[in-house]
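Listed below are the residues making up each chain.
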Amino acid sequence: MERTTDTIAAVATPAGPGAIGILRLSGPEAVSAASAAFRAADGRPLEAHPPRRLIYGDLLDREGAVIDKVLATYTRGPASYTGEDTAELHCHGAPMVLSLGLESLFSHGARQAGPGEFTRRAFLNGRLDLVQAEAVGDLLEASSREGARHAAGQLSGALSRRIGGIYSALVDVMAHFHAVLDYPDEDIDPFRESELEVVLSRQAAQLRALLATCRRGSQILHGLRCAIVGRPNAGKSSLLNALLGYERAIVTEIPGTTRDTVEETVTVGGTLLRLIDTAGLRDTPDRVEQMGVERSRAAMESAELILVLWDSSSPVTQEDGELLSQAMSLAPTVLVRSKSDLLSAPLPLLSLDPMPPVVELSARTGQGLEELEQAIRSALPRQTGEEAYGELLTNARQEEAASRALERLEGAQAGLSAGVTPDALLTDVEEALEAVRHGADCLGVGAAFSTHTKADVDVLPEGMMKAICDAVDIPVVAIGGIHKENLLRLKGTGVNGVALVSAIFGAEDIEAECRELKALAEQL
């Protein structure tokens, strides 16, 4: 695993003036650099104070002159965000104060942190897995309450735990098979194909359920594509401006004013929407307007939600009805009768099943906007609620890895039905494991130890497994699962692989085995 040896520093708060500004450091010299740029009010060095306490004092520039009155704190690794020693200086948020403070830290051995480097170090040091590291970026870019809650769930490890369960079950299969094959003299339960079939079926179902969350996860983070369609001058651009709260699109009484799609993002009724204002749909000899109409139809076909506008001050035409039917065949649809502040024509009887939500709305007065929010919520498919926040796949990398893992498991299931021998089947399982590992960095997520134990492996003395794994450069979870390739890497290291298998698969005296393993680890 890559190790960092230098100390980084950066301003951790947004650019520009503010009430508070934070200087953050991470690395082996983080505490000493912060201490050199800080003078506590009680005269003691920063490291002489307990960690995780805010200490009042002065921030000093590179010449030792006082810049600001600040609060300082530090944390020792590995119990920090990055897994390294970290320190923070909480200053007033004046850009000049932060600039001079950063210069002072640089003069005491720190360097400027690169973009995302604190989170990158957290990942490299095992404090975050890959999914959690991605969630940090998602949280920073969240544009809705739901998006923020989902990113926070992923950051807390919700998705990692879900995928970790799949990984753990597959590791158990591999561990059991190789333990039986490589250690026939040990008292290990025989490998049964019927058990393999159950595990493969269960984990394939888990992966299918996970893949079914991709679209919802993408919608939460990036928003639903919502096309606003209708005849020319139906009030589409006025509705866009009303939802945004400012005039984004040009509005005139001349039909055909909008000739291209206009896109903006807004949260409506708690749902993040990527609104697409389109050109009015009609046959036209104007070449430019015709191109706009073609783009409007393309936007409607790719939309995940469609708002169909009917001008309530005009009689409903056959084209209006055809547009509504077409929209309902493509995506969830809401019928908006615009210009409700004007004299309205009666709504004709609609023989549609199901009937879309209908909203009377005036973009000029704002009447009906709340009803539109409710209609959008009712038009969208309801979620089952089975997935907690953070348990949805949200990007192409996660989706590709889950798809590849499912494909290999389905291959193993087909081979099992065809009578293929277990050793050949487990090649597919190994490839599925690799896909899951790539997708979620599961090595390092949770406790994926074998479930075939007579005693829980957590009784192993604290730090013993880590000591063994560090000595032979094997991730803790991988060695806990007794993967064959990891057992082979134990050869010549002084670690007794047979004893390790025996301990995890149920030794009569597991505590004695643990003592033996600990002694071996200490000898390395």
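Residues numbered from 1 in each chain as written. Predicted model: local features only at pLDDT ≥ 70, side-chain atom pairs only at ≥ 80, totals over all residues. Heavy atoms only, no water.

Draft legend 1. Representation of the overall build of the protein within the structure. Tallying secondary structure elements over the protein gives 19 helices and 13 strands in all. Evaluated residue by residue, the protein yields a buried proportion of 48% over its 524 residues. For the protein, contacts bridging at least 24 residues in sequence account for 63% of all contacts bridging at least 6. When the accessible surface of the protein is totalled, it reaches about 25100 Å², and 51% of it is carbon and sulfur. (Helix = DSSP H or I, 4+ residues; strand = E, 2+ residues; numbered from the N terminus. Buried < 20%, exposed > 50% of the residue type's maximum accessible area, 1.4 Å probe, protein only. Contact = heavy atoms within 4.5 Å. Areas by Shrake-Rupley, 256 points an atom, 1.4 Å probe, with all protein chains shown as cover.)

Draft legend 2. View of the confidence of the model for the protein. Taken residue by residue, the protein gives an average pLDDT of 75. The fraction at 70 or more is 73%. At the level of individual helices and strands, the protein shows its lowest average pLDDT in helix H16 (residues 476–480), which scores 35, and its highest in strand E4 (residues 55–60), which scores 97. Long-range and interchain partners of residues 442–511, a stretch whose pLDDT sits below 50, account for 126 contacts in this model, where long-range means more than four residues apart. (pLDDT = per-residue confidence, 0-100.)

Draft legend 3. Region of interest: the sheet that holds strand E12 (residues 333–338). Spatially, the six strands line up as an open sheet ordered E9-E10-E8-E11-E12-E13, and their pairing is mixed. Sheet topology places strand E9 (262–268) and strand E13 (358–360) at the edges, where each strand pairs with a single neighbour. Going from strand to strand, the sheet's axes swing by 25 degrees on average, the running direction of each strand aside. Note that E12 and E13 share three bridges and pair parallel. Across the sheet, leucine 335 pairs through a bridge with valine 358, a residue of E13. Strands in contact with helix H12 (residues 369–379) are E9, strand E10 (271–277), strand E11 (305–311), E12 and E13; relative to E12, the strand with the most contacts, it is inclined by about 160 degrees. (Pairing = 2+ DSSP bridges. Axes fitted to C-alpha atoms, helices over the stretch in contact; angles between N-to-C directions.)

Draft legend 4. Looking closely at the pattern of salt bridges. This model, assessed by the stated rule, comprises 17 salt bridges. Of the charged contacts, one joins arginine 121 and glutamate 84 as a salt bridge, the two residues approaching to 3.0 Å between their closest N and O atoms. Note that arginine 121 is positioned in helix H3 (residues 117–124) and glutamate 84 in the loop between strand E5 (66–75) and strand E6 (86–93), a separation of 37 residues in sequence. We note that arginine 121, like glutamate 84, is buried. In this structure, the salt-bridge partner of glutamate 431 is arginine 408, at a minimum N-O distance of 2.8 Å. Of this pair, glutamate 431 sits in helix H14 (residues 422–440) while arginine 408 sits in helix H13 (residues 396–417), and the two are 23 residues apart along the sequence. Classification of arginine 408 by relative accessible area gives partly exposed; the value is 23%. Residues joined by salt bridges that share partners form a network here, namely Asp6, Glu84, Arg111, Glu117 and Arg121. (Salt bridge = Lys/Arg side-chain N within 4 Å of Asp/Glu carboxyl O.)

Draft legend 5. A look at the pairing of E6. Counting buried positions along E6 gives six out of eight residues, so the element sits mostly inside the fold. Relative to E6, strand E2 (residues 18–26) is paired through eight bridges, and the arrangement is antiparallel. Residue glycine 18 lies in a different strand from E6, and its bridge partner there is glycine 93. Bridge count between E5 and E6: five bridges; the pairing is antiparallel. Bridge assignment links threonine 73 to a residue of E6, and that residue is glutamate 88.

Draft legend 6. The arrangement of the packing of helix H5 (residues 145–155) against helix H8 (residues 214–222) in detail. Contact geometry of H5 with H8 gives a least axis separation of 7 Å together with a crossing angle of 120 degrees. Taken together, the axis directions place H5 and H8 in an arrangement best described as oblique. Judged by the twist between their axes, the crossing of H5 over H8 is left-handed. Taking contact as the criterion, the partners of Glu146, Gly147 and His150 in H5 are, on H8, Arg216, Ile220 and Leu221. In terms of residue class, the contact of H5 with H8 is built from two nonpolar, two polar and two charged. (Parallel < 35°, antiparallel > 145°, perpendicular 65-115°, else oblique. Left-handed = near helix turned anticlockwise from the far one by under 90°. Nonpolar A, V, L, I, M, F, W, Y, C, P; charged D, E, K, R; others polar.)

Draft legend 7. Representation of the nonpolar core in the model. Counting 31 residues, the largest nonpolar core has Leu170, Leu196, Leu207, Leu393, Leu426 and Val429 as its most contacted members. Every element with two or more residues in this core is listed here: helix H6 (158–182), helix H7 (193–211), H13 and H14. Counting residues per element, this core draws most heavily on H6, which supplies nine residues. In contact with valine 429, not counting residues within four places along its chain, are Leu170, Met174, Leu200 and Ala412. (Core = buried A, V, L, I, M, F, W, Y, C linked by side-chain atoms within 4.5 Å.)

Draft legend 8. Quick look at H8. Residues of H8 that are buried include every one of Cys214, Arg216, Gly217, Gln219, Ile220 and Leu221, and no others. Downstream of H8 by a residue or two, glycine 223 has a phi angle that is positive, lying close to 95 degrees.

Draft legend 9. Spotlight on the sheet that holds E5. Taken in spatial order, the seven strands line up as E3-E4-E5-E6-E2-E1-E7 in an open sheet, and their pairing is mixed. Unpaired on one side and paired on the other, strand E3 (38–40) and strand E7 (111–112) mark the two borders of the sheet. Strands strand E1 (8–11), E2, E4, E5, E6 and E7 of the sheet are contacted by helix H2 (residues 95–107), whose axis makes an angle of about 15 degrees with E2.

Draft legend 10. Summary view of the environment of aspartate 58. Relative to the assigned elements, aspartate 58 resides in strand E4. Look at aspartate 58 and you get buried, because its relative accessible area is 10%. Sequence separation between aspartate 58 and arginine 39 is 19 residues, and the spatial gap between their C-alpha atoms is 5.1 Å. Side chain to side chain, aspartate 58 and lysine 69 meet in a polar contact 2.7 Å long. (Polar contact = N/O pair within 3.5 Å; in protein donor to acceptor, adjacent residues only side chain to side chain.)

Draft legend 11. Seen up close, a nonpolar patch on the surface. A contiguous nonpolar patch, built from Leu54, Tyr56 and Leu71 and spanning about 290 Å² of accessible area, is present on the exposed surface. Within the secondary structure, leucine 54 sits in the loop between E3 and E4. (Patch = residues over 30% accessible without salt bridge, like charges linked within 9 Å, V, L, I, M, F, W, Y side chains within 5 Å.)

Draft legend 12. Here's a closer look at the pairing of E1. With four bridges connecting them, E1 and E2 associate as antiparallel partners. Bridging across to E2, alanine 9 finds its partner in leucine 25. Here E1 hands over to E2 after six residues, with glycine 16 in that stretch at a positive phi of 100 degrees. Note that E1 and E7 share two bridges and pair parallel. Across the sheet, the residue bridging to alanine 9 is glutamine 112, located in E7.

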